[in-house]
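This is what each chain is made of:
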Number of protein chains: 6
Amino acid sequence: MDFKPLSGREFPRFSAIKTFFRLPVAEVTQAFDVGIFGVPFDGAVSYRPGARFAPSQVRETSSLGRGFHASRGLQVFDRLKVADLGDCPTVPIDQSQTSQRIEDFTDRLLLANKRFLAVGGDHSITLPLLRSVHRKHGRVNFIHFDAHLDTYPTAWGCEYHHGSFARHAVEEGLVDPHQMIQIGIRGPFVGKDDLDFARQKGIRVFTIDHIRNGSLADFLNGLPEFTGPTYLSFDVDCLDPAYAPGTGTPVPGGLTSYEVQRILRALRVRKLVAGDVVEVSPPYDTSEITSLLAVDVLFEMLCLMSAG
Amino acid sequence: MDFKPLSGREFPRFSAIKTFFRLPVAEVTQAFDVGIFGVPFDGAVSYRPGARFAPSQVRETSSLGRGFHASRGLQVFDRLKVADLGDCPTVPIDQSQTSQRIEDFTDRLLLANKRFLAVGGDHSITLPLLRSVHRKHGRVNFIHFDAHLDTYPTAWGCEYHHGSFARHAVEEGLVDPHQMIQIGIRGPFVGKDDLDFARQKGIRVFTIDHIRNGSLADFLNGLPEFTGPTYLSFDVDCLDPAYAPGTGTPVPGGLTSYEVQRILRALRVRKLVAGDVVEVSPPYDTSEITSLLAVDVLFEMLCLMSAG
Amino acid sequence: MDFKPLSGREFPRFSAIKTFFRLPVAEVTQAFDVGIFGVPFDGAVSYRPGARFAPSQVRETSSLGRGFHASRGLQVFDRLKVADLGDCPTVPIDQSQTSQRIEDFTDRLLLANKRFLAVGGDHSITLPLLRSVHRKHGRVNFIHFDAHLDTYPTAWGCEYHHGSFARHAVEEGLVDPHQMIQIGIRGPFVGKDDLDFARQKGIRVFTIDHIRNGSLADFLNGLPEFTGPTYLSFDVDCLDPAYAPGTGTPVPGGLTSYEVQRILRALRVRKLVAGDVVEVSPPYDTSEITSLLAVDVLFEMLCLMSAG
Amino acid sequence: MDFKPLSGREFPRFSAIKTFFRLPVAEVTQAFDVGIFGVPFDGAVSYRPGARFAPSQVRETSSLGRGFHASRGLQVFDRLKVADLGDCPTVPIDQSQTSQRIEDFTDRLLLANKRFLAVGGDHSITLPLLRSVHRKHGRVNFIHFDAHLDTYPTAWGCEYHHGSFARHAVEEGLVDPHQMIQIGIRGPFVGKDDLDFARQKGIRVFTIDHIRNGSLADFLNGLPEFTGPTYLSFDVDCLDPAYAPGTGTPVPGGLTSYEVQRILRALRVRKLVAGDVVEVSPPYDTSEITSLLAVDVLFEMLCLMSAG
Amino acid sequence: MDFKPLSGREFPRFSAIKTFFRLPVAEVTQAFDVGIFGVPFDGAVSYRPGARFAPSQVRETSSLGRGFHASRGLQVFDRLKVADLGDCPTVPIDQSQTSQRIEDFTDRLLLANKRFLAVGGDHSITLPLLRSVHRKHGRVNFIHFDAHLDTYPTAWGCEYHHGSFARHAVEEGLVDPHQMIQIGIRGPFVGKDDLDFARQKGIRVFTIDHIRNGSLADFLNGLPEFTGPTYLSFDVDCLDPAYAPGTGTPVPGGLTSYEVQRILRALRVRKLVAGDVVEVSPPYDTSEITSLLAVDVLFEMLCLMSAG
Amino acid sequence: MDFKPLSGREFPRFSAIKTFFRLPVAEVTQAFDVGIFGVPFDGAVSYRPGARFAPSQVRETSSLGRGFHASRGLQVFDRLKVADLGDCPTVPIDQSQTSQRIEDFTDRLLLANKRFLAVGGDHSITLPLLRSVHRKHGRVNFIHFDAHLDTYPTAWGCEYHHGSFARHAVEEGLVDPHQMIQIGIRGPFVGKDDLDFARQKGIRVFTIDHIRNGSLADFLNGLPEFTGPTYLSFDVDCLDPAYAPGTGTPVPGGLTSYEVQRILRALRVRKLVAGDVVEVSPPYDTSEITSLLAVDVLFEMLCLMSAG
């Protein structure tokens, strides 16, 4: 199979059954390099739900995606065979069972030596994804875009929720905190100990002030290089609500779409083995601008993957 | 305390901290007759979430409520002392813990010999509410407005979800199926055995065709009388999506707002001990018309309570 | 001038500067029969504002209007010369000054022996309109569509607001309460004395129950005939919120669009001298269905005017 | 292949790549009975566009569809093998080329002896669909739900547009006007000659008044029987805008969802060879209630097909 | 009483009766430091109304607020006792009476030696608030964020409206024009004399060009210090419509959320005695991003108050 | 005639029949300098339609426009007589006929020695506008704001569509590619040859990276000067979707409203003979922020015209 997007100059972009980037649907056994799949689960959110509809909306909006990345000079779909794997099974009302199904689905994919991009769902899905990645690749580097640290403690007596995955990822040894960066952090914080975890573990936290205090170019130059297997998790609430209104816990004062693009283009990642885009909430996504950004981020991650 | 709504002719209806019907907030120990409380939980829905925001939106919309029921000739708040009890504690990501908290909250209320109206939340909240009511009042009569039977089997391996509460309520002996009616039922159905449960248990099912085949007056006259302690559960999807777009699993071909009003006014219930309005989903509730209907239904239930 | 609507088969309906029914704009001195004008004022509403934008939105939506009334067999714009007079001056933040400007504007129009249709604005505009009509025609018959009686007392210390105009119209002797009907009334009521005014004055109140208790045909046949100069005021909240979400104080359980059409077609009015459509609130009018109904009502009133 | 919908009790309804009724995607050569396909084209509309997005939205909403029709007692997907054929190629900016592509696509399908349901798109797509059907089945019976007659003349110098297809279908001899009914007609009309075409050709026109003047049962009993090959075209604007806001040229005073369901259930059609649902315009479809109705109509047409 | 926000880790943020920052409701006689109250009045706006609903929506959105300000290193609610005082009485249709009620309400509060934050309402409410503050504190420093100067002349014959408060505040001697800054000003202007008032009175006007012409740091360093009693009035239209769509008279080319945060953090104010956030218009606030910003601004003002 | 906007201080901005900037409507024969007209056509778009409603919405939003440009120190309507010419005739379903009508309309205007601003419509309208301009003024300089190059090849077999106008304008010799700039370009690109056309023809392309890599001041200083007759075409999708959600093919990473304002103010254009604003799509324009920007751009173009 060809694993090329359906042409928008032959079939209008609003037509056809919606798949990510208008790519073919494939089974794990087929000869693609990267599989994109949805993880429609929002059962771990603390405020606005709706991310369960994100895979469907991102598929729809990805019809506007193209294949050539101008500033990279890269024709992605010539370099990588990419397929839509459909959605991972979930149990909408049970986080624990959902995690198990995500791990099973991803294990099978990694066993077949594929790379993947997952489209959430809320941020709780990243933990089971990382568990699978860890089984395959060992402890990985971790690039985390977010307004929130997601190293928060138990809430309502629940250890696992969409704001605690990063803490568990570190505590379970899935990611290397010394090769972990968090970008776009800006609170709001409950208390001053919110940042203790990152400090103690050696995680580098790039708040919005770090990014904006000097020139963007300076910030980009200061980003570390990631040589080993790396995972990139992108929570759309790293963006300002003006750019990403369609999310569950928006925080004013965030990144712009252009900053996100420039940071993604500046990342030096040798081996991006997997990634995700999470927390797109379609019921709050006026004019689909948030899901359009999610498509952009997926495209940048494919570019990163095609490079190494 | 007076337990009267704030006057709209003194304080504009858009002003003041929002409570149900602009009533005072009270503790369970105070001298009110009926407590209204929210149960902001949508962790058991199968399709569109959002009902977690319903208590807040219904409070807002209930500002438009009044106190005199013209066709009943009844000044409700002269007859009943009604208070807003705030929201029952919930665990947004854990149905089982939420159920326990609902039972605890409601037990305390019933122990104090109060009647109550609960504002969901999804329909899964009715089961713990009924368990409490059963502990207080024994097996109750049950009036159930819904498009769906909610006697469905396990889904995604989960026994408890928002479409199975009515089955559990019967199976646990909380309600008397021979004193149970379901109004507005119209599917869609997965299979022809969907109706078997109701038939076997002796539940009377009034589909939309039953209601519309003759005159409305004839239908109303044929409604049974309920003499013992009775519980009324109102799922807004019994209404047509034109009248109640803001819900999780809308079904075309439903009741009109007027039919609902007439049925509620025609019910002969001696002792309405409790009730609920569920499945209002504000993110989908254009122009707040669904929550406005929920307010109407709450008002009718207060009228029923004031009568006996 | 021709006073015909711009043809939709020559100029697409979404094109051209928006006037009511795509009619020519005229000065009061020109040779038209009926003038339609906007009264963009919502400074007397008690809950949701926005009706100030109604003249503009109704002009936009009236592009979908046509000229032939099928069930009446009537080509309206062959029978009547109708023009758009623009908007009456208003003072958005001063009800009293606005009333004066409305009276001045209307006086000038009536002095020129024109009939008119006013597009509100909130219902407070009807009082100054009636004052002008009274100066020209004396005490008139009054047909009032509404969910509310609008005979309410002072609110927040203000004698004049959008819920008291009907009381003032009677008290000032502008309309004949014995030749006055109120259609669609359903509350909600603050108290049982809400209906006292109508009873004492001899106003016939047709609640939604009156309309629905028998067949629609029977209700229509029972409507009185109006022989003298008559004014028709149409508050869109007489309709159910499903049909008219775009209004300030919606009330569930209202009329359907078809019932409104049938009632308007059944009215026997010899001499409709003026009318208004009020309380369309565009910010709440999803998909413009409320303003589309307003257009329909304006068209029916033009038909009534063309008949006598 | 099995041609069964994906189970909602195993895979949540919000998950999976969206196909009509969650059915498998198939090629025309496969062994299914009925193919559903999209025709995403709105290049012939006169007012609000957007119907190009309807196939995608109807696929999304059809996730809520089920398989058992309670009042018919029919498990559709046990009786018929139904598949999603994807979208027919269109040229978004060229009606004439689009028509040719629709005919080619449909010819191939009919040549393979399949029946079909097309999801528009605007009503102009029905003409090429009927041309194909005529080539296969000869002149067919025609059941047409609509607010408008769609027998209108040239507009803006264009013979073919979304309001003229029915005239061309008759003039080209594709449908038998004596075996043709139009249901839900209510204008608005440009002139009194709008109805001349229907009268001259012998088309039976059921206006909203015909349907509502007596009891619904009487109307249903009076519907004719269709014995030969029959085509059913359903324009969602036959419904009232309260029930179907998401359409291009809404007309107040229309059918309710329940009336539509009852009429569709009462139709006596021996051999429904094809059908379509057109004029759903997602940008105006608040809370997706219009597309949900479209799904209902598709389901009723599948039931009709399974019967003969 | 404790005057701490309800914990989001115990009670989900979408639950509970909505108060500002989930704080306790208090009477003026209680032992709090700062009272937040709503002033739901939009009777002085010139274009889009709706700000009357802002107190309610800002309460709802403030559920997402937290207590720790990371860049200030400040736990606000440990430093200040803050309470929700409910809404100030208003007369929705009478600006003059409303002003009197605002003054009365605020006088009582200031007499009790409280500081306050008012949530408008349109900008006309600032004048009566300043009158009260002046009675208590004398002529105050004034920090004014706005797109508009609000020193405009009479409109429609009305001296007082939402665009003239700043002029009156200076003319009545309530604020010291030499200790007054206006931030974010960018027109649009009616004429070149719009700026004359500021020039003549010695008000420093920081237009968007002043802020953007150099580096943000340079601008922040150039801000004056305010040593005496100071009032801060924040009109959300100082922000660009992308960041604050929910307002009455939006102006393109405005501040970003981050700039607003940085300016608020850079302000050197010794004694912030009171403040307000005005012109949030919920009917136009897609996805609540404007009210979320209003919450952010309220939080920054609390931080400023806690500092001195 | 005076050709001044209706005063907002006499007639509220929400009142009056909507014309561009509340200017008088004029015929081509009248004594104005610049005519603004709508071209309501979206029959050439590739994705989201709706731009047909832009002239109407931009008229509505332009009510918020003023006359004095503060940073230019310019009272535009004292310098230029500007009129609203209504809408150019179009054929909504035929691009070729529409082009002809646009040329005819514009020819007549240019023959009368007027300058113009056209409000689209999609970007296909610029080609016929340029043809007319070329007939009058010969080959013109061309300033093109856009996310897309619009030099794309045939799509779906159609040579002319909204993404190919710039290529045709160059190929037909209407504009001078050496005096042509494209501002805001950022893809997405289908392939690396997308930029070949511009390179070969000598068009200067300013991508978003060009604009943002240095300081804005540096970029502005580097803009070329245009001495001969110049045309400016502004596609709102040059803006980021956060600033312009209401458009057909949004692209993340775009210009801000302030950048657009500064670029427009920095342009050195001796003789702006005509311009357009295109691709505003009202159905996707939440809170009207996109059309508000379009008004701003029109105002800047009037300023440019008043200067030379």
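Before reading on, note that the structure itself is shown above.
The sections below set out a description of the structure shown in this document. (Residues numbered from 1 in each chain as written. Chains lettered and ligands numbered in written order. Predicted model: local features only at pLDDT ≥ 70, side-chain atom pairs only at ≥ 80, totals over all residues. Heavy atoms only, no water.)

Now for the overall build of chain A. A tally of helices and strands in chain A yields 10 helices and 10 strands. Scaling as 2.2 N^0.38, a compact globule of 308 residues should have a C-alpha radius of gyration of about 19 Å, and chain A matches this with 18 Å. With respect to the principal axes defined by its C-alpha atoms, chain A has extents near 55 × 45 × 40 Å. Per-residue burial for chain A yields a buried fraction of 72% across its 308 residues. Roughly 8,600 Å² of accessible area belongs to chain A as shown, and the carbon and sulfur atoms make up 48% of that amount. Looking at chain A, you have 32 positive and 36 negative side-chain charges, and the mean spots of the two groups are 6 Å apart. (Helix = DSSP H or I, 4+ residues; strand = E, 2+ residues; numbered from the N terminus. Rg over C-alpha atoms; globule rule 2.2 N^0.38 Å. Buried < 20%, exposed > 50% of the residue type's maximum accessible area, 1.4 Å probe, protein only. Areas by Shrake-Rupley, 256 points an atom, 1.4 Å probe, with all protein chains shown as cover. Lys, Arg positive; Asp, Glu negative; His and termini not counted. Charge placed at Lys NZ, Arg CZ, Asp CG, Glu CD.)

In this section: the interface of chain C and chain F. Taken together, the contact between chain C and chain F spans 23 residues of the former and 23 residues of the latter. Both sides of the chain C and chain F interface together cover about 1,700 Å² of buried area, and 68% of this is carbon and sulfur. Run the count over chain C and chain F and you get zero salt bridges. In this assembly, chain C and chain F are joined by four residue pairs in polar contact (both at pLDDT 80 or more). Among the secondary structure elements, those contributing two or more residues to the side of chain C that touches chain F are helix H1 (54–61) and strand S4 (82–87) of chain C. (Contact = heavy atoms within 4.5 Å. Buried area = accessible area lost by both parts, 1.4 Å probe. Salt bridge = Lys/Arg side-chain N within 4 Å of Asp/Glu carboxyl O. Polar contact = N/O pair within 3.5 Å; in protein donor to acceptor, adjacent residues only side chain to side chain.)

Another point: the interface of chain E and chain A. Taken together, the contacts link 30 residues of chain E with 32 residues of chain A. Contact between chain E and chain A buries roughly 2,500 Å² in total, counting both sides, with carbon and sulfur atoms accounting for 59%. The interface formed by chain E and chain A contains one salt bridge. Salt-bridge contacts for Asp209 of chain A lead to Arg262 of chain E; the nearest nitrogen and oxygen are separated by 3.9 Å. The tally of links between chain E and chain A comes to 10 residue pairs in polar contact (both at pLDDT 80 or more).

Further remarks concern the relation of the copies chain C and chain F. Of the transformation superimposing chain C on chain F, the axial component is 0.0 Å and the angular component is 180 degrees, with the fit at an RMSD of 0.0 Å. The symmetry that links the two subunits is that of a two-fold axis. Among all C-alpha atoms of chain C, that of Lys18 of chain C lies closest to the rotation axis, at 3.5 Å. When the interface residues of chain C are mapped onto chain F, 100% of them are again interface residues, pointing to one common binding face. (Least-squares fit on C-alpha atoms with pLDDT ≥ 70 in both.)

Now for the side chain of Asp87 of chain D. Within the fold, Asp87 of chain D resides in strand S4 (residues 82–87). Overall, the relative accessible area of 12% leaves Asp87 of chain D in the buried class. Within the structure, Asp87 of chain D has its side chain in polar contact with the backbone nitrogen of Ala16 of chain A (distance 2.7 Å). Within the local environment of Asp87 of chain D, its side chain forms a polar contact with the side chain of Arg59 of chain D, the two groups lying 2.9 Å apart.

Next up on the list: the relation of the copies chain E and chain A. Once turned by 120 degrees and shifted 0.0 Å along the axis, chain E lies on chain A with an RMSD of 0.0 Å. When the rotation and shift are considered jointly, the pair of chain copies conforms to a three-fold rotation axis. Of the C-alpha atoms belonging to chain E, the one lying closest to the rotation axis is found on Ala242 of chain E, 3.2 Å away. A low fraction, 10%, of the interface residues of chain E reappear at the interface in chain A, so the copies pair through non-equivalent surfaces.

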